[in-house]
Amino acid sequence: MKRIFEVALGILAAIGGFVDIGDIVFNTAAGATFGYGLLWVVVLGVGGIITYSEMCGRVAAVSKQPVFDAVRERLGLATGLVALVAAQIVNLLTLAAEVGGIALTLQLLSGLPYRALILLGVLALAVVIWVLPFGWIERVFGYVGLCLLVFAVAAIKLHPDWGEVAKGFVPHVNTESPLVYGYFAVGLLGAAMTPYEVYFYSSGAVEEGWTPKDLGINKANAIIGYGLGGFLSFALMITAGALFLPLGIEPELLGTVALGAEVPLGQIGLILALVGTLFAVGGAAIDTCFSGAYNLAQFLGWEWGKYRGEARAPRFTLTWLVLLALGFCIVMTGIDPILLTEYSVIFSVVALPFTYIPILLVANDKSHMERYANGRVANTLGLFYLLVILVVSLTAIPLMLLTNMGQG
Amino acid sequence: MSTSGELDLAYGVLDHQLVDSEGRRCGKVDDLELEGKAGAELRITALLVGPGAWRGRLPGPFARLAGRLFARKLVRVPWDVVESAEAAVHLGKTASELGLGRGDDRWRKRIARIPGS
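Criteria and thresholds
Residues numbered from 1 in each chain as written. Chains lettered and ligands numbered in written order. Predicted model: local features only at pLDDT ≥ 70, side-chain atom pairs only at ≥ 80, totals over all residues. Helix = DSSP H or I, 4+ residues; strand = E, 2+ residues; numbered from the N terminus. Rg over C-alpha atoms; globule rule 2.2 N^0.38 Å. Buried ≥ 20, exposed ≤ 12 C-beta atoms within 10 Å, placed from the backbone. Contact = placed C-beta atoms within 7 Å. Nonpolar A, V, L, I, M, F, W, Y, C, P; charged D, E, K, R; others polar. Pairing = 2+ DSSP bridges. Axes fitted to C-alpha atoms, helices over the stretch in contact; angles between N-to-C directions. Core = buried A, V, L, I, M, F, W, Y, C linked by C-beta atoms within 7 Å. Parallel < 35°, antiparallel > 145°, perpendicular 65-115°, else oblique. Left-handed = near helix turned anticlockwise from the far one by under 90°. Expected span 1.5 Å × (residues − 1). pLDDT = per-residue confidence, 0-100.

(A) Quick peek at the overall build of chain A. Each helix and strand in chain A was counted, giving 16 helices and zero strands. Its C-alpha atoms give chain A a radius of gyration of 20 Å, near enough to 22 Å, the size a compact globule of 408 residues would have. Seen through its principal axes, chain A has C-alpha atoms that stretch 55 × 50 × 45 Å. Taken over 408 residues, chain A has a buried fraction of 58%. By sequence separation, contacts in chain A at least 24 residues apart represent 86% of the contacts at least 6 residues apart.

Listed below in C-alpha cells is the structure:
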C-alpha cells in the first residue's frame, strides 16, 4: 500500500513537472492561432518524451549511467563536446526563460517592479535548492504546479465545440498557412520533448539510487506522469482555441494566458492559474539549472549530485550557482522572456538528436543492459521518434526564419 | 569486461567514468597507455586522466585552445589498479592515493564555507 502511495506521488510530481514556460507559451499561441488543429502534435510529442524518458530511466536504473555519461562514452570526446556545448547553450537559454517567467508571474501577482522580482525570484530559487532535499524540491513544485489543472476546468466551462476538438486529434496539415502551422508544430514538439527533461529525469533516477526493482516506477512515471502532463497541454490549447481565437487575441504576454482561466472562472481562476504557472515554471528553472551542472560534471567525470551534499560535489555545486547567476544576468538585460522562450524551444529542437542518439545506443547495449536492453517496442518507437526528431531539427530554424517566428 | 573475457577498449574503457574504492567519482578515462610495437603483442599499461591526456584528442585548433586554458596536468593510473570495467571503471584505491579528483578537493573547502552546506 505504501508502495502504491509512493508511485502515485511520483506520478503527480511528474504531471506538475511536465509543463514549463515553453509548453505554456507554445500551447497557448498554437491554440490562439489554429484553434484545436495542432492537438495531435502534442500527442506525438508526449509519445516522444515518454519513449525516451522510459529508456533513459531504465539505463539509469540498470547501468547507473546518466545521459551525459552515455554521450561521452558513445560519441567520444570531440563529438561529445559539440553535444555538450549545444546542450549547455540551450539549457542556459531555457533557464533564463524560466527565470523571466517567474518574475513576470510574480509581477502579475504583486504589482512590484519586474527587475526587483527577477532578483527576488533567483534568490528564492538559490535558497530552495540549497535547503530542500532533492525529493522535496521535485514534489513541492510538482504538486503546486497542479494548480494549472484550472485550465482543464476553464476549457470545459468555455464550452468548446467538442467535435472540432476531436478532429484536432487526427493528424493533418493546415493548407492555408502550412509554414506557420509547421513552425508551431515544431515548437510544440520541442516544448514537449525539451532535452533538460531527460537530463534531469535520468540524473534524478541515479540520485535516488534506482535499481532494476524500480523499473515499474520508471514506466509508471514516464507513461502516466508525462501522459497526464500532456493533458495540461491540451487544456491550455483548448482554452486558447475557445477564447482567444474567436476574439483574434495573440497571447504575447503571460498575463493573457492567465486570462484564459479568469474569463470563465473569475478571480479564483486567475489566482490558481498564476500560482500554478509560478510553481511549474519555478520547478522547471531548478530542473534546468541542475541539468546544466549534471551535464558538465558527467561529461568531465566530476563528483556530482544533490544527495552528496553541496560540499561533497563542490564543482557541481559551483556550476549550478554560476548557471543561476548567468541566467539572472541574461534576464536582467531586459530581453522579453516570451521571445527568449521561443528561441530556447526552437534551438533545443536542433540539439535534440545529440541527446537521443546516445541514449538509444546505450539502451541497446547488452553488455551494459543485459536482459533489460531495449525490446522490439522500445526500439520501434525509439527509431520512429529519432526520425521525427531529425526531420524537426533540420526544419526548425528555416521555419523560424521563413515565418518570422510564427507571425506569418 | 564481458563474459567472453574480451575487453573492448574503445567502447568498454575509453571515456568511461572512474570510480574509486570508496565510490567517489574521480575523472574519466581520457586516454590509454599501451605498450608494444607493430606486429607484436600489445598491452594496456595505464589509464591517462586529465587535460594533458584529452587535449591531444581534440582537433588541432581546439587542442591549442585547450592547451592555453588548462594546465597540462596528466595523472597516470596503472592498469593493475583497475578492479572492473563495466559502465564505470572501478579502481582498487582511493582517489587521493592515486592523485585523482584534485579539482573537487580544491573547491570543497571554499564551498563548505557557505552556511548550510
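(B) Quick look at the interface of chain B and chain A. Residue-level contacts link 23 residues of chain B with 25 residues of chain A. Among the elements of the structure, strand 1 (17-19), strand 2 (25-28) and helix 5 (102-112) of chain B are those that each provide at least two residues to the side of chain B that touches chain A. Examining the composition of the side of chain B that touches chain A, we find that six residues originate from one element, helix 5 of chain B, more than from any other. Broken down by class, the residue content of the side of chain B that touches chain A amounts to eight nonpolar, eight polar and seven charged.

(C) Examining the sheet that holds strand 3 (residues 31-35) of chain B more closely. All names here are of chain B. Strand order in the open sheet formed by three strands is 3-4-5, with antiparallel pairing between adjacent strands. What marks the edges here is a single partner per strand, and that holds for strand 3 and strand 5 (75-78). With strand direction ignored, the average angle separating the axes of adjacent strands in the sheet is 35 degrees. Note: strand 4 (residues 43-49) against strand 5, four bridges, orientation antiparallel. By the bridge assignment for strand 5, Leu-47 is matched with Val-77.

(D) Highlighting the nonpolar core. If you look at the biggest cluster of nonpolar residues, it comprises 147 residues, and the most contacted ones within it are A:Val99, A:Phe151, A:Phe184, A:Leu188, A:Leu189, A:Met237 and A:Ile359. For this core, the leading source of residues is helix 12 (residues 254-300) of chain A, giving 24 residues. Non-local contacts of A:Phe184, meaning those with residues more than four positions away in its chain, are made with A:Phe26, A:Ala29, A:Ala30, A:Thr33, A:Phe34, A:Leu38 and A:Gly406. Listed in part, the 18 residues of the second largest apolar core include B:Leu18, B:Val49, B:Val75 and B:Ala87.

(E) Layout of the packing of helix 3 (residues 39-63) of chain A against helix 9 (residues 178-192) of chain A. All names here are of chain A. Viewed as axis vectors pointing N to C, helix 3 and helix 9 meet at an angle of 30 degrees, and their least axial separation amounts to 8 Å. Taken together, the axis directions place helix 3 and helix 9 in an arrangement best described as roughly parallel. As helix 3 packs across helix 9, the resulting crossing turns out to be right-handed. Side by side, helix 3 and helix 9 meet where Val-41, Val-42, Leu-44, Gly-45, Val-46, Gly-48 and Ile-49 of the first sit next to Ala-185, Leu-188, Leu-189 and Ala-192 of the second.

(F) Broad picture of the sheet that holds strand 1 of chain B. All names here are of chain B. Taken together, the four strands give an open sheet; going across it, the order is 2-1-7-6, and neighbouring strands pair in mixed fashion. With one partner strand each, in any of the chains shown, strand 2 and strand 6 (82-85) form the two edges of the open sheet. Recorded for the sheet is a direction-independent mean angle of 25 degrees between the axes of neighbouring strands. Bridge analysis of strand 1 against strand 7 (residues 88-91) gives three bridges, and the strand direction is parallel. Across the sheet, residue Gln-17 finds its bridge partner in strand 7, namely Ala-88.

(G) Region of the structure containing helix 10 (residues 195-207) of chain A. Residue and element names in this part refer to chain A. Under the 1.5 Å per step criterion, the end-to-end length of helix 10 is 18 Å for 13 residues, consistent within 8% with the ideal 18 Å. Summarising burial for helix 10: 13 of the 13 residues are buried, a large majority. Positive backbone phi, approximately 65 degrees, marks Gly-209, located one or two places after helix 10.

(H) Spatial organisation of the pairing of strand 6 of chain B. Note: strand 6 of chain B against strand 7 of chain B, three bridges, orientation antiparallel. Paired with B:Val82 across the two strands is B:Leu91, which belongs to strand 7 of chain B.

(I) Looking closely at the environment of B:Gly27. With respect to the helices and strands, the residue B:Gly27 is situated in strand 2. Using a count of 28 C-beta atoms within 10 Å as the deciding quantity, one classes B:Gly27 as buried. When near neighbours in sequence (up to four residues on either side) are disregarded, B:Gly27 contacts A:Gly301, B:Leu18, B:Val49, B:Leu100 and B:Gly101.

(J) Inspection of the packing of helix 4 (residues 67-110) of chain A against helix 12 of chain A at higher detail. Residues and elements named next belong to chain A. The geometry of helix 4 relative to helix 12 is characterised by a closest axis approach of 7 Å and an angle of 150 degrees between their N-to-C directions. Considering their axes alone, helix 4 and helix 12 lie roughly antiparallel with respect to each other. As for the relative orientation of helix 4 and helix 12, their crossing is left-handed in sense. Along the lines of polarity and charge, the residues of the contact of helix 4 with helix 12 split into 23 nonpolar, 14 polar and three charged.

(K) How the structure looks around unusual backbone geometry. Here A:Lys64, not a glycine, exhibits a phi torsion of approximately 60 degrees, which is positive. Among the secondary structure elements, A:Lys64 is positioned in the loop between helix 3 and helix 4. For B:Asp15, which is not a glycine, the phi torsion comes out positive at approximately 70 degrees. The residue B:Asp15 is located in the loop between helix 1 (9-12) and strand 1 in this model.

(L) Local environment of the environment of A:Val331. All names here are of chain A. Within the element layout of this structure, Val-331 appears in helix 13 (residues 314-332). Remark: the alpha-carbon pair of Val-331 and Ile-118, spanning 213 residues in sequence, is separated by 7.6 Å. Discounting chain neighbours no more than four positions away, the residues touching Val-331 are Ala-96, Val-99, Gly-100, Ala-103, Ile-118 and Pro-337.

(M) Local environment of the environment of B:Gly101. Mapped onto the elements, B:Gly101 comes out in the loop between helix 4 (95-98) and helix 5. Along the chain, B:Gly101 and B:Ile111 lie ten residues apart, while their C-alpha atoms are 15 Å from each other. In contact with B:Gly101, other than residues within four places in its own chain, are A:Glu303, B:Arg24, B:Cys26, B:Gly27 and B:Ala95.

(N) Here's a closer look at the confidence of the model for chain A. Residues with a pLDDT of 70 or more make up 99% of chain A, whose mean pLDDT is 93. Per-element averaging of pLDDT across chain A places helix 1 (residues 2-18) of chain A at the bottom with 74 and helix 8 (residues 162-168) of chain A at the top with 97.

(O) Examining helix 13 of chain A more closely. Taking 1.5 Å of rise per residue, the 19 residues of helix 13 of chain A would be expected to cover 27 Å, and the 27 Å separating its terminal C-alpha atoms lies within 8% of that figure. Every buried residue of helix 13 of chain A is accounted for by A:Pro314, A:Arg315, A:Phe316, A:Thr317, A:Thr319, A:Trp320, A:Leu323, A:Leu324, A:Gly327, A:Phe328 and A:Val331. Buried residues along helix 13 of chain A sit in contact with helix 4, helix 5 (114-131), helix 12 and helix 14 (337-363) of chain A together with helix 5 of chain B. Note on helix 13 of chain A: the residue one or two positions beyond its end, A:Gly334, has a positive phi of about 95 degrees.

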